Number of protein chains: 2
Amino acid sequence: MDNQNSNHTERIVTQVKNAWAAQNKNVTAFFNKYEDEAYLKEIAPDKNRAVYLLGHLTAVNDNLLPLFGLGEKLYPELEEIFLKSADKAIAHIPTVADLKQKWETVNTTLSNHFDKMTADEWLDRHTAVSAEDFKLEPTRNKLNVLIGRTIHQSYHAGQLNLLDA
Amino acid sequence: MDNQNSNHTERIVTQVKNAWAAQNKNVTAFFNKYEDEAYLKEIAPDKNRAVYLLGHLTAVNDNLLPLFGLGEKLYPELEEIFLKSADKAIAHIPTVADLKQKWETVNTTLSNHFDKMTADEWLDRHTAVSAEDFKLEPTRNKLNVLIGRTIHQSYHAGQLNLLDA
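Quick notes on the rules
- Residues numbered from 1 in each chain as written.
- Chains lettered and ligands numbered in written order.
- Predicted model: local features only at pLDDT ≥ 70, side-chain atom pairs only at ≥ 80, totals over all residues.
- Heavy atoms only, no water.
- Helix = DSSP H or I, 4+ residues; strand = E, 2+ residues; numbered from the N terminus.
- Buried < 20%, exposed > 50% of the residue type's maximum accessible area, 1.4 Å probe, protein only.
- Least-squares fit on C-alpha atoms with pLDDT ≥ 70 in both.
- Contact = heavy atoms within 4.5 Å.
- Buried area = accessible area lost by both parts, 1.4 Å probe.
- Salt bridge = Lys/Arg side-chain N within 4 Å of Asp/Glu carboxyl O.
- Polar contact = N/O pair within 3.5 Å; in protein donor to acceptor, adjacent residues only side chain to side chain.
- Axes fitted to C-alpha atoms, helices over the stretch in contact; angles between N-to-C directions.
- Parallel < 35°, antiparallel > 145°, perpendicular 65-115°, else oblique.
- Left-handed = near helix turned anticlockwise from the far one by under 90°.
- Nonpolar A, V, L, I, M, F, W, Y, C, P; charged D, E, K, R; others polar.

### Some remarks on unusual backbone geometry
- The phi torsion at D46 of chain A lies on the positive side, around 65°, for a residue other than glycine.
- Topologically, D46 of chain A is positioned in the loop between α1 (2-31) and α2 (50-62).
- By relative accessible area, D46 of chain A is classed as exposed at 70%.
- In this model, K88 of chain B sits at a positive phi of 75°, which is unusual for a non-glycine residue.
- Relative to the helices and strands, K88 of chain B resides in the loop between α4 (78-82) and α5 (96-116).
- Look at K88 of chain B and you get partly exposed, because its relative accessible area is 42%.

Below you can see the structure in the form of structure tokens.
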């Protein structure tokens, strides 16, 4: 039973990691489909531009580094543009080519860390919850954050796929 | 260790079930925001109507009953309209009020079943994979399907939230 349950936990953690990676891959594939300028268009009239959503998703993934205690953000400058500001509120944003590069670097960095994390670490608290609060709410663990981020990526992937490029 | 790992597995299963339920709740809240006729509009020009996506998500959730070996579909008639056909391909589709009722009934039925399922059952194969194939691909379990369905719901929730009602 010990081995079986341990295997079960490992298996589920792997499944969640795979789901996250699959969503990353979907987004990457979408941004490799057209010429860069196509992503400067809005996904629908008066909605976010595709390039903004790429920056947004990159900033959200980058934020996992400090949230999981894995290090500092690689591109802290993205936060102001893509997390704190709405699309078109800031005139000068990085290019599609630049963001695609950052998106890849963030995801590769995260994947390398994730490959080394044990199931116990996944089920431990993230840095935004205190030890005391975590005792009361043990679901505030890293794996839960990754599930949430995977769902969030898919939310925007659905929007991106509406783009008439 | 046995208890800890068993608890870990239970906890992750609960987290995945909670994520699925939270996505259901988002969709329900969205369809309670406006008058029914608002959902007859397209989410963006020449894209799916909101009502179609409600039927689509209901049919997908309904399909979990046979896929998890929990019984027959409640509304098999939705499959032809919302899974096998694109929006507007079929002239007469159920009303928003009717679909909202079916959506609730399907989700309540599923939740009642899910409450009784053990972690071992979640990690067992679903009915679309044979026992032999499952030995080779143990990730083809029910929990993985639920993760996938949760991601799928969020994909369409992102689109629904573009509706200018």
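Now that the structure has been shown, we can carry on.
### Thoughts on the relation of the copies chain B and chain A
- Note on the copies: chain B fits chain A at an RMSD of 0.0 Å, the axial shift is 0.0 Å, and the rotation between them is 180°. As the rotation angle and translation indicate, the two copies are arranged about a two-fold axis.
- Interface overlap between copies is the fraction of interface residues in one copy that are interface residues in the other; for chain B against chain A it reaches 100%, indicating a shared surface.

### Considering the interface of chain B and chain A
- Listed per partner, the contact involves 36 residues of chain B and 36 residues of chain A.
- Carbon and sulfur atoms supply 62% of the area that chain B and chain A bury against each other, a total of about 3,100 Å² over both sides.
- Where chain B packs against chain A, one counts two salt bridges.
- Among the salt bridges present, the one from D164 of chain B reaches K47 of chain A, with a minimum N-O distance of 3.0 Å.
- Viewed at the interface, chain A and chain B are joined by 17 residue pairs in polar contact (both at pLDDT 80 or more).

### A short note on the packing of helix α2 (residues 50-62) of chain B against α5 of chain B
Residue and element names in this part refer to chain B.
- In contact at an axis separation of 9 Å, α2 and α5 are set at 25° when each is read in the N-to-C sense. One element, α2, and the other, α5, form an angle in the roughly parallel class. Handedness of the crossing formed by α2 with α5: left-handed. Residue-level inspection shows V51, L54, G55, L57, T58, N61 and D62 of α2 in contact with α5, the latter providing V96, L99, K100, K102, W103, V106, N107 and L110.
- Here the contact of α2 with α5 is composed, by residue class, of eight nonpolar, four polar and three charged.

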